[in-house]
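Breakdown of the fold
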2 protein chains.
Amino acid sequence: MKLALPSRPVIWAVLSVAVLASAGSAVADELQTRAAALFKPIPAQPPGLAKNAVTRTRVALGKDLYFDRRLSQSQEMSCNSCHDVGMGGADLQRTSLGHKWQRGGRNAPTTFNAAFNFVQFWDGRAKDLAEQAGGPMQNPVEMANTPAAAVATLKSIPGYLPKFRAAFPADKDPITFDNITVAIAAFEATLITPDAPFDKYLRGDANALSAEQKNGLRVFIDSGCASCHRGVNVGGDMYAKFGLVRAPDGNIRPDNDKGRLAISKSPADEFVYKVPTLRNINLTAPYFHSGEVRDLRQAVTIMGEAQLGKGLTAAQVDSIVAFLGALTGTHPQITYPVLPPSAANTPTPPYP
Amino acid sequence: MKLALPSRPVIWAVLSVAVLASAGSAVADELQTRAAALFKPIPAQPPGLAKNAVTRTRVALGKDLYFDRRLSQSQEMSCNSCHDVGMGGADLQRTSLGHKWQRGGRNAPTTFNAAFNFVQFWDGRAKDLAEQAGGPMQNPVEMANTPAAAVATLKSIPGYLPKFRAAFPADKDPITFDNITVAIAAFEATLITPDAPFDKYLRGDANALSAEQKNGLRVFIDSGCASCHRGVNVGGDMYAKFGLVRAPDGNIRPDNDKGRLAISKSPADEFVYKVPTLRNINLTAPYFHSGEVRDLRQAVTIMGEAQLGKGLTAAQVDSIVAFLGALTGTHPQITYPVLPPSAANTPTPPYP
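Residues numbered from 1 in each chain as written. Chains lettered and ligands numbered in written order. Predicted model: local features only at pLDDT ≥ 70, side-chain atom pairs only at ≥ 80, totals over all residues. Heavy atoms only, no water.

This part is about the interface of chain B and chain A. Each side of the interface is counted separately: chain B has 44 residues, and chain A has 44 residues. Around 3,900 Å² of area is buried between chain B and chain A when both sides are counted, 58% of it from carbon and sulfur atoms. Considering only the surface of chain B that becomes buried against chain A, Trp101(B), Tyr336(B) and Tyr351(B) emerge as the three largest contributors, covering 20% of it. Linking chain B with chain A are two salt bridges, by the criterion used here. In this structure, Asp84(A) engages Arg69(B) in a salt bridge whose closest nitrogen and oxygen atoms are separated by 3.1 Å. In this structure, the connection of chain B to chain A is made through 24 residue pairs in polar contact (both at pLDDT 80 or more). (Contact = heavy atoms within 4.5 Å. Buried area = accessible area lost by both parts, 1.4 Å probe. Salt bridge = Lys/Arg side-chain N within 4 Å of Asp/Glu carboxyl O. Polar contact = N/O pair within 3.5 Å; in protein donor to acceptor, adjacent residues only side chain to side chain.)

Right under this line is the structure:
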């Protein structure tokens, strides 16, 4: 795999070795050098957020909206319903429960570190977090709302107007659906989980991983996992066909979900999905877009067969799982927002 | 009404006037004196919580449990689903949405300041917060769980055992259903909202209420509202028949809900409910146990007719509503808990 490295990781390798040297740590060993060529640590600060007052107010507004169930038709569900910030930014369901207890089509991806993904949704149909945020609000099996209804509801809540004005000072009429999604995206960009043991290792602390975890990292690289699960999110920066070498069982990769084919209409995109992040993977079972697998060992075994055509040994699987445990970072600390109250003219949820 | 005051408020009056005097404020005027005889401010600290390490760990554990949806059969709903700490400790539904999108029988009462209520639930069937907390978990239209399943789930989550050990150090096997409810109750006792304008007024700041609010307070007392809505929670310390003088419309007081009659089997308890708190009433629409009324003016008007046999004038209703606005206190500041992750043997929610 080493010879096939693309150019960006090579640049990272050079930079990372330089960082390791300048940090005064011991000379990076061969495994650290290889890891630094493939992965990047989560930065301490959220990506793409200039530190100014408007940004802060936009993040604060986005937090309100992330928790505000009035963005759903039923006024029962919020972003946090399926992307619980106390549970790794995901839920516990194979596929999420939405409007009227309907099941969504795919397992809810975590919002944590989602800002580092190159596209959003399993099939990459949203180019960024803002475009993503507009989807579930309108999906009839999720929040089942309309942009017009969401805007009308927020406009009826007196406490929101000053918040939108502060967050979008150039806008004359700032409560718009676009601005709702931009604010949610600004908040979501703060949902990063730095300081996982693997981040410390990448920054030069050779002792941040146990011997078993280092062994797992080596297997992860040598077996080919890191060909797709790479970069800052250990995933999330490319597409791949699920079942590249062998088709997984039909319950794990249901035939009625064709992945990016439904978006691109290109036959080559059948069963192609965004490679998911493995960050905090210990927190976000069940796995795969079908959510059919709860056990991480089983998931790793399936990936070895489906993507690499390899029957990983039990010892190799154990090592990889130990390494994946080193990808659990620090949860963002979030103060629950006090939401502005409804007014007498705020639209009421349907009943019963 | 003044002559009919029970003895406890008289004692409060004496104490309160003494407090006013000792605070060095101006001599309390007649309205402040009357108010001090009927109401008490929310204390700065939660009730009944000794400040020691065990209490702190119990509150912290209770916060985890309050937000942990794994206490429901579906692993989708938590206490916070119907008692949202960002929305006045209640939800926005007439009656709450529960397991499989079923509707509950009555409007969800706020958990805020619930520790000050003399009993819990609309019909008072739980003597305290711990007994209350066990109810929704087992209610088939709410969280639809069983005590055994809740305990088995928590026992499967490795991170919970040390938390329960710290919170219940005398228990050999601390993860029990009783301890779950005790911990939730300990957290809920911290959900108090001090420093409403009315609290400041009761403490001696005559300017904490506007002229309109003072007028409303006078109407509230003179009309008889304070005969039932009294004490620290402006309610929550006695039972009363809804429709004491005149029966409300059948949609507002549905015939199939007999109130405490179902608990006590005493015909005198037909349509008898705990008098609800009016604290933060601006945040907790819709109103009444049926949740049928969203407009606070309408709710006040109905109460005047049903309980007092009085057609309050529009001006009186406006004044009372202005006064009720002075009952909105400071939301508790809550850091969202990072919940201990499930393990491979944690029971899975039913699917689909």
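Following the structure, the description resumes.
Once that is clear, we can look at empty space enclosed by the protein. This model, assessed by the stated rule, comprises one cavity of 30 Å³ or more. A volume near 380 Å³ is recorded for the largest cavity. Lining the largest cavity are 24 residues, with Arg69(A), Glu76(A), Ser81(A), Glu76(B) and Ser81(B) sitting closest to its centre. Counting only elements with at least two residues in the lining of the largest cavity, the list comes to helix 4 (79–82) of chain A together with helix 4 (79–82) of chain B. (1 Å grid on protein atoms, 1.4 Å probe; cavity = no way out; pocket = protein on both sides within 12 Å on 5 of 7 lines; lining within 4 Å. Points joined across faces, edges and corners; volume = space filled by probe spheres on them. Helix = DSSP H or I, 4+ residues; strand = E, 2+ residues; numbered from the N terminus.)

Now for helix 3 (residues 53–67) of chain A. With 15 residues, helix 3 of chain A extends 22 Å between its outermost C-alpha atoms, agreeing within 8% with the 21 Å of an ideal straight helix rising 1.5 Å per residue. Among all positions in helix 3 of chain A, only Thr55(A), Val59(A), Leu61(A), Gly62(A), Lys63(A), Asp64(A), Leu65(A), Tyr66(A) and Phe67(A) are buried. (Expected span 1.5 Å × (residues − 1). Buried < 20%, exposed > 50% of the residue type's maximum accessible area, 1.4 Å probe, protein only.)

This part takes up the relation of the copies chain B and chain A. What connects the two chain copies is a rotation about an axis and a shift along it. Aligned on chain A, chain B shows an RMSD of 0.0 Å; the corresponding rotation is 180° and the shift along the axis is 0.0 Å. Put plainly, the chains are arranged around a two-fold axis. Of the C-alpha atoms belonging to chain B, the one lying closest to the rotation axis is found on Thr335(B), 2.1 Å away. (Least-squares fit on C-alpha atoms with pLDDT ≥ 70 in both.)

Residues and elements named next belong to chain B. Looking at the second largest pocket, its volume works out to about 780 Å³. If you trace the second largest pocket, you find 41 residues lining it, with His-229, Pro-276, Leu-278, Phe-288 and Met-303 closest to the centre. For the lining of the second largest pocket, the secondary structure elements donating two or more residues are strand 1 (239–241), strand 2 (272–274), helix 12 (296–308) and helix 13 (314–325). Here the lining of the second largest pocket gets seven residues from one element, more than from any other, and that element is helix 12. A per-class count over the lining of the second largest pocket returns 27 nonpolar, eleven polar and three charged. (Nonpolar A, V, L, I, M, F, W, Y, C, P; charged D, E, K, R; others polar.)

These values are about where atoms sit, not about what they do.
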